[in-house]
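# An overview of the molecular structure
Spelled out, the chains give:
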Amino acid sequence: LEAVAWATGGSGWGSGCFRGRSPVIRCAAGMRARRACDPPNLPRIEMTIVVLLLAAWVPGLLAMAEVWNTVEYASHGYLVPWVALWAATAHREALSRLPSQPPRLGLLLIGALVLGYVAALAFDDASVIGALFVATAVGVVFALRGPHFVRVLQFPLAYLIFMIPLPVSGVTPLIVKLQLIVS
């Protein structure tokens, strides 16, 4: 690893990466080592799982987007995933040092969340769909990378709660009562 840091002249994308050096170097033991500035190489199975889940979540995200479009107090829902992603980027360095330790039953957890998602789509309840989206995001990180990644990403993952549309049937009477109290 010292050879990697020496060859890159630091770490990160803007610190001397690819200045005429080979992207893979040999360390003192003769093993091939990736340089610190190379992008992380996720296994293909993990990328396949993430892409399939995102594709499966299109109807659920459209159901939540319908609420975000029509309900005045829920229009911030579009921004929440982007802010959570931005907050997650603050932990890149810590995440790169963590070992990936997915639990044995992680894929079973994802399967259970997918079944819950299909049931929520059948009932067409955007609040339940939103809660399951957040649970699925946490479940995917847990299942593919392990509990240490969830612990480091606890704020960005918890921030996703703000994208869950509140049930209109419960919020509207509360708003009317609060308006009567104020006036």
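Now for a look at the structure at hand.

What follows deals with the environment of proline 59. Mapped onto the secondary structure, proline 59 falls in helix H3 (residues 58–70). Proline 59 sits in the partly exposed class, given a relative accessible area of 40%. C-alpha of proline 59 to C-alpha of isoleucine 129: the two residues are 70 residues apart in sequence and 9.8 Å apart in space. Excluding anything up to four places from it in sequence, proline 59 contacts Tyr117 and Leu121.

For the coordinates displayed, the defined rule picks out two salt bridges. A salt bridge links arginine 145 to glutamate 46, with the shortest nitrogen-to-oxygen separation between them at 2.9 Å. One end of the pair, arginine 145, is in helix H7 (residues 126–145); the other, glutamate 46, is in helix H2 (residues 44–56), and 99 residues separate them in sequence. A salt bridge links glutamate 93 to arginine 97; its shortest N-O distance comes to 4.0 Å. Separated by four residues within a single helix, glutamate 93 and arginine 97 lie in helix H5 (residues 92–97), roughly one turn from each other. Across the pair, exposure class does not vary: glutamate 93 and arginine 97 are exposed alike.

Bringing the nonpolar core into the picture now. For soluble globular proteins, nonpolar side chains are generally found buried alongside one another. Counting 27 residues, the largest nonpolar core has Ile129, Leu160 and Met163 as the members making the most contacts within it. Secondary-structure elements contributing two or more residues to this core are H3, helix H4 (80–89), helix H6 (106–123), H7 and helix H8 (147–152). Of the residues forming this core, the biggest block, six residues, is contributed by H7. Apart from residues lying up to four places away in sequence, methionine 163 is in contact with Leu61, Met64, Trp68, Gly77, Val80, Pro81 and Phe133. In this structure, Ile49, Leu53, Ile110 and Leu144 belong to the second largest nonpolar core, which totals six residues.

A few words on the side chain of threonine 136. As for its position among the elements, threonine 136 is in helix H7. For threonine 136, a relative accessible area of 7% translates into the label buried.

So, about a nonpolar patch on the surface. Among the surface-exposed residues, Tyr73, Leu166, Val168 and Ile175 lie close enough to one another that they form a single nonpolar patch of about 320 Å² accessible area. Positionally, leucine 166 belongs in the loop between helix H9 (154–159) and helix H10 (168–182).

What follows deals with unusual backbone geometry. The phi dihedral of aspartate 124 falls on the positive side, at around 55 degrees, and the residue is not glycine. Structurally, the position occupied by aspartate 124 is in the loop between H6 and H7. For aspartate 124, a relative accessible area of 59% gives the class exposed.

Time to look at the environment of leucine 166. Residues leucine 166 and valine 71, 95 residues apart in the sequence, show an inter-C-alpha distance of 9.6 Å. Excluding residues that lie within four positions of it along the chain, leucine 166 makes contacts with Tyr73, Ser127 and Val171.

The first and last C-alpha atoms of H2 sit 18 Å apart over 13 residues, in line with the 18 Å expected at 1.5 Å per residue. Among the residues of H2, Glu46, Ile49 and Leu53 are the ones counted as buried. Along the axis of H2, the buried positions cluster into a sector of 60 degrees, meaning they face one direction only. For H2, exposure combined with an orientation more than 90 degrees from the buried face picks out Arg44, Leu52 and Ala55. Buried-residue contacts for H2 involve H6 and H7.

Taken as a whole and assessed by the stated rule, the structure comprises five aromatic pairs. Look at tryptophan 68 and tyrosine 78: their rings are 5.1 Å apart centre to centre, the planes differ by 70 degrees, and that puts the pair in the edge-to-face class. Residue tryptophan 68 is located in helix H3, and its partner tyrosine 78 is located in the loop between H3 and H4; the two are separated by 10 residues in the primary sequence. Note on tryptophan 68: relative accessible area 7%, which makes it buried. Among the aromatic residues, those joined into a ring-pair cluster are Trp57, Tyr117 and Phe133. Seen from the ring of phenylalanine 149, arginine 145 lies directly overhead, with NZ or CZ sitting 5.8 Å from the centre.

Analysis parameters
Residues numbered from 1 in each chain as written. Predicted model: local features only at pLDDT ≥ 70, side-chain atom pairs only at ≥ 80, totals over all residues. Heavy atoms only, no water. Helix = DSSP H or I, 4+ residues; strand = E, 2+ residues; numbered from the N terminus. Buried < 20%, exposed > 50% of the residue type's maximum accessible area, 1.4 Å probe, protein only. Contact = heavy atoms within 4.5 Å. Salt bridge = Lys/Arg side-chain N within 4 Å of Asp/Glu carboxyl O. Core = buried A, V, L, I, M, F, W, Y, C linked by side-chain atoms within 4.5 Å. Patch = residues over 30% accessible without salt bridge, like charges linked within 9 Å, V, L, I, M, F, W, Y side chains within 5 Å. Areas by Shrake-Rupley, 256 points an atom, 1.4 Å probe, with all protein chains shown as cover. Expected span 1.5 Å × (residues − 1). Arc of directions from axis to C-beta. Phe/Tyr/Trp six-rings, centres within 6.5 Å; stacked < 30°, edge-to-face > 60°. Lys NZ or Arg CZ within 6 Å of the ring centre and 35° of its normal.

The analysis is restricted to geometry; functional conclusions fall outside its scope.
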